[in-house]
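An overview of the molecular structure
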Amino acid sequence: MSLQLRLFGGGQAAAGKPSATNDGNHAIDKSKVLARTDARVITPNTPGNFSSIRSTPVVPDPRYFDREQADKLKELAQEKTDGARQSKRAYKALTKIEVADATVHKEHRKYEGAVAENELKKVRGNAGLAKKLHGMRPGYARLGLGIDKADSDARGRIDAIKAKLTGAN
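Nothing here was measured: the structure is a model prediction, and the numbers come from that model.

Broken down by element type, the protein chain carries three helices and zero strands. Counting from the amino terminus, the protein chain carries its helices and strands in the arrangement α-α-α. The buried share among the 169 residues of the protein chain stands at 1%.

Take the packing of aromatic side chains next. What the rule picks out here adds up to zero aromatic pairs. Positioned above the aromatic ring of Phe65, the side-chain terminus of Arg63 is 4.0 Å from the ring centre.

Scanning all chains against the criterion turns up six salt bridges. Close ionic contact of Asp38 with Arg40 constitutes a salt bridge, the shortest N to O distance being 3.2 Å. Glu112 is the salt-bridge partner of Arg109, the closest N and O atoms lying 2.8 Å from each other. With Arg109 and Glu112 both in helix H3 (residues 67-168), this residue pair falls three residues apart, about one helical turn. Judged by relative accessible area, which is 46%, Arg109 ranks as partly exposed. By relative accessible area, which is 34% here, Glu112 ends up partly exposed.

Before going further, it helps to examine a negative patch on the surface. Taken together, the side chains of Asp66, Glu68, Asp71, Glu75 and Glu79 define an acidic patch exposed on the protein surface. Take Asp66: it is sitting in the loop between helix H2 (30-33) and H3. Accessibility expressed as a relative area gives 42% for Asp66, which makes it partly exposed.

Time to look at unusual backbone geometry. If you check the backbone angles, Phe50 has positive phi at about 55 degrees while not being a glycine. Among the structural elements, Phe50 can be located in the loop between H2 and H3. Exposure remark for Phe50: the relative accessible area of 73% places this residue in the exposed category.

A contiguous nonpolar patch, built from Leu129, Leu133, Met136, Tyr140 and Leu143 and spanning about 530 Å² of accessible area, is present on the exposed surface. Here Leu133 is to be found in helix H3.

On to the confidence of the model for the protein chain. Overall, the predicted model of the protein chain reaches an average pLDDT of 89, with 86% of residues at or above 70. Per-residue pLDDT, averaged within each element of the protein chain, yields its smallest value for helix H1 (residues 3-8) (59) and its largest for H3 (96).

The rules behind the values
Residues numbered from 1 in each chain as written. Predicted model: local features only at pLDDT ≥ 70, side-chain atom pairs only at ≥ 80, totals over all residues. Heavy atoms only, no water. Helix = DSSP H or I, 4+ residues; strand = E, 2+ residues; numbered from the N terminus. Buried < 20%, exposed > 50% of the residue type's maximum accessible area, 1.4 Å probe, protein only. Phe/Tyr/Trp six-rings, centres within 6.5 Å; stacked < 30°, edge-to-face > 60°. Lys NZ or Arg CZ within 6 Å of the ring centre and 35° of its normal. Salt bridge = Lys/Arg side-chain N within 4 Å of Asp/Glu carboxyl O. Patch = residues over 30% accessible without salt bridge, like charges linked within 9 Å, V, L, I, M, F, W, Y side chains within 5 Å. Areas by Shrake-Rupley, 256 points an atom, 1.4 Å probe, with all protein chains shown as cover. Lys, Arg positive; Asp, Glu negative; His and termini not counted. Charge placed at Lys NZ, Arg CZ, Asp CG, Glu CD. pLDDT = per-residue confidence, 0-100.

Here's what the structure looks like:
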């Protein structure tokens, strides 16, 4: 089955009547067009949870720390600083990946648009040829009738000759 038939149907319904498959209707589902590419993507309709990160509890009141606490906090601060630096690198890489994914997605949609436009051009060409061929049908019918008439005339003359020859014997 041709791609056109698979995409647009056969163009004929029951009893030889034209189908309504190409009457301007569409099957574009807005909810699919605007669907998120992933359930966790942040959009105005799904704004995320606004979570954050907190490595230490908030100190609600002024207080003193002893040497051991200060040393542990200083060590944790160095770990978190390095972790933040690595997280920043990772998020930068993730952002580059998202940009690349978006570029590929956008270019693919442009390609699909070009395919759709060119498919329409091809189908228009097919429709133009079909119209031209339909316009030629009366000419072919005249030619066919002319051939039928010539055949009938020839058979009549042949029958007349046979009748003469068989009647003369």
